[in-house]
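Close look at the chain arrangement
So you can see what is in the structure, the chains are spelled out below.
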Amino acid sequence: MATLSNSTNIFWQDCQIGRPERQKLLNQKGCVVWITGLSGSGKSTLACSLSRELHSRGKLSYVLDGDNLRHGLNKDLGFKAEDRTENIRRTGEVAKLFADAGLICVASLISPYRRDRDTCRAMLPDANFIEVFMNMPLELCEARDPKGLYKLARAGKIKGFTGIDDPYEPPINCEIEIKQENGNCPTPTMMAGQVVTYLENKGFLES
Ligand SMILES: Nc1ncnc2c1ncn2[C@@H]1O[C@H](COP(=O)(O)OS(=O)(=O)O)[C@@H](OP(=O)(O)O)[C@H]1O
Ligand SMILES: Nc1ncnc2c1ncn2[C@@H]1O[C@H](COP(=O)(O)OP(=O)(O)O)[C@@H](O)[C@H]1O
């Protein structure tokens, strides 16, 4: 899959209304909240809970969910390493546009490779990429198995399933880690609260 530019003789077109004007209108700062973790770790649950909480505070967000993007923009991609890389690259580019629009873009994808997540981070000013690691044990994700995919993977009916026979590389320096406390997973509201507190403290919820 080609990721280098093949275009020549192209020029950047600027517009009078830019990111600062849009952010002022929305009274918030655009950013990307990138949620990574195993299947079943709670990425979509957090994304939806966070979007709901931001909405209730009058803040505009948009969720880019891996599963959903694979129904459209990324429907031509599978799960081999180069397809996952292209999946993350495209999503990173879209997330960057949403952040430039002034929105709080919440991307929830397994995004198993550290290098691919770092590529997305490098697309934005560093502070505007907030990596959230759903640090849930494989045993918990597998016990949840809401779609029955772990069961199929264990039975050898899905090949290359993340965490079973395909790698997941946990972040080294993420901004936020969501994990169990005393063997209990925080509720969706608590998980969203942890992210909202971060966004508030860093000034993203004002222009
Ligand atoms: N082989 C394999 N490995 C992992 N996941 C698989 C696979 N096949 C299908 N699925 C389903 O696809 C969802 C993950 O899509 P993503 O776009 O987030 O994956 S990735 O970031 O490109 O790795 C994932 O959704 P979540 O459970 O929400 O993570 C699965 O439902
Ligand atoms: N904080 C939580 N507490 C209890 N159950 C959760 C929590 N987060 C997610 N779940 C449940 O775990 C399952 C997987 O969550 P989901 O958000 O779909 O994960 P992912 O998007 O990472 O695959 C779902 O059935 C969901 O209801």
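Note that the structure is predicted; figures quoted are calculated from it, not measured. (Residues numbered from 1 in each chain as written. Chains lettered and ligands numbered in written order. Predicted model: local features only at pLDDT ≥ 70, side-chain atom pairs only at ≥ 80, totals over all residues. Heavy atoms only, no water.)

It is worth spelling out the side chain of Ser 49 at this point. Summarising the element assignment, Ser 49 is placed in helix α2 (residues 43-56). Only 3.0 Å separates the side chain of Ser 49 from the backbone oxygen of Pro 188, close enough to count as a polar contact. Setting aside chain neighbours within four positions, we find Ser 49 in contact with Pro 188, Thr 189 and Ala 192. (Helix = DSSP H or I, 4+ residues; strand = E, 2+ residues; numbered from the N terminus. Polar contact = N/O pair within 3.5 Å; in protein donor to acceptor, adjacent residues only side chain to side chain. Contact = heavy atoms within 4.5 Å.)

We now examine the site of ligand 1. In the region of ligand 1, 19 residues are neighbours, and Ser 39, Arg 70, Arg 84, Asn 87 and Ser 111 sit closest. Contact between ligand 1 and Lys 147: an oxygen atom at 2.9 Å from a side-chain N or O atom of the residue. Within the contact set of ligand 1, a nitrogen atom lies 2.9 Å away from a backbone nitrogen or oxygen of Gly 160. Relative to its unbound accessible surface of 630 Å², ligand 1 loses 91% to contact with the protein. Broken down by element, the shell around ligand 1 gets its largest block of residues, three residues, from helix α4 (residues 81-100). (Near = heavy atom within 4 Å. Areas by Shrake-Rupley, 256 points an atom, 1.4 Å probe, with all protein chains shown as cover.)

Moving on to the UniProt feature "domain: APS kinase" (unreviewed entry) in the protein chain. The feature "domain: APS kinase" (unreviewed entry), as annotated in UniProt, sits at residues 29-179 in this numbering. The distance from the first to the last C-alpha atom of residues 29-179 is 27 Å, and the span holds 39% helix and 18% strand. (UniProt positions renumbered as here; feature names shortened; annotations may be inferred.)

For the structure on display, the rule yields four aromatic pairs. Ring centres of Tyr 62 and Phe 98 lie 4.8 Å apart, and the angle between their planes is 5°; this geometry places the pair in the stacked category. Note that Tyr 62 is positioned in strand β2 (residues 61-65) and Phe 98 in helix α4, a separation of 36 residues in sequence. It is Arg 70 that lies over the ring of Phe 79; its NZ or CZ is 3.8 Å from the centre. (Phe/Tyr/Trp six-rings, centres within 6.5 Å; stacked < 30°, edge-to-face > 60°. Lys NZ or Arg CZ within 6 Å of the ring centre and 35° of its normal.)

This paragraph deals with the site of ligand 2. Around ligand 2, 15 residues are found, and the nearest of them are Gly 40, Lys 43, Ser 44, Thr 45 and Pro 186. At 3.0 Å from an oxygen atom of ligand 2 is found a main-chain nitrogen or oxygen belonging to Gly 42. Pro 186 places a main-chain nitrogen or oxygen 2.7 Å from a nitrogen atom of ligand 2. Burial of ligand 2 by the protein chains amounts to 71% of its free accessible area of 550 Å².

In the structure shown here, the tally under the stated rule is 12 salt bridges. Residue Arg 57 is joined to Glu 200 by a salt bridge in which the shortest nitrogen-to-oxygen separation is 2.9 Å. Within this pair, whereas Arg 57 is found in the loop between α2 and β2, its partner Glu 200 is found in helix α8 (residues 188-201), the two being separated by 143 residues in sequence. Assessed through its relative accessible area of 42%, Glu 200 is described here as partly exposed. Salt bridges here are not isolated pairs; linked through shared partners, they connect Asp 76, Glu 86, Arg 89 and Arg 90. (Salt bridge = Lys/Arg side-chain N within 4 Å of Asp/Glu carboxyl O. Buried < 20%, exposed > 50% of the residue type's maximum accessible area, 1.4 Å probe, protein only.)

What follows concerns the nonpolar core. Judged by nonpolar contacts, the single largest core of 31 residues is most densely connected at Val 33, Leu 46, Leu 50, Ile 130, Val 132 and Leu 199. Contributing elements (two or more residues each) for this core: β1 (31-36), α2, β3 (104-108), β4 (129-135), α7 (149-154), β5 (176-179) and α8. Here the element with the most residues in this core is α8; it accounts for six residues. Within the second largest apolar cluster, 14 residues are counted, among which are Val 32, Leu 69, Cys 120 and Phe 129. (Core = buried A, V, L, I, M, F, W, Y, C linked by side-chain atoms within 4.5 Å.)

Read across the sheet, five strands follow the order β2-β3-β1-β4-β5 without closing on themselves; strand pairing throughout is parallel. The sheet is open, and its two borders are formed by β2 and β5, each paired with just one other strand. Within the sheet, the average angular offset between the axes of one strand and its neighbour, ignoring direction, is 20°. Here α4 sits on the sheet and contacts β1, β2 and β3; the angle it forms with β1, its principal contact strand, is near 145°. (Pairing = 2+ DSSP bridges. Axes fitted to C-alpha atoms, helices over the stretch in contact; angles between N-to-C directions.)

Following the criterion strictly, the structure yields zero disulfides and no others. Left unpaired, Cys 31 is separated from the closest cysteine sulfur, that of Cys 105, by 8.6 Å. Overall, Cys 31 belongs to the buried group, its relative accessible area being 0%. Between Cys 120, a free cysteine, and Cys 105, which holds the nearest cysteine sulfur, the sulfur-to-sulfur gap is 11 Å. Given a relative accessible area of 1%, Cys 120 falls into the buried group. (Disulfide = S-S within 2.5 Å.)

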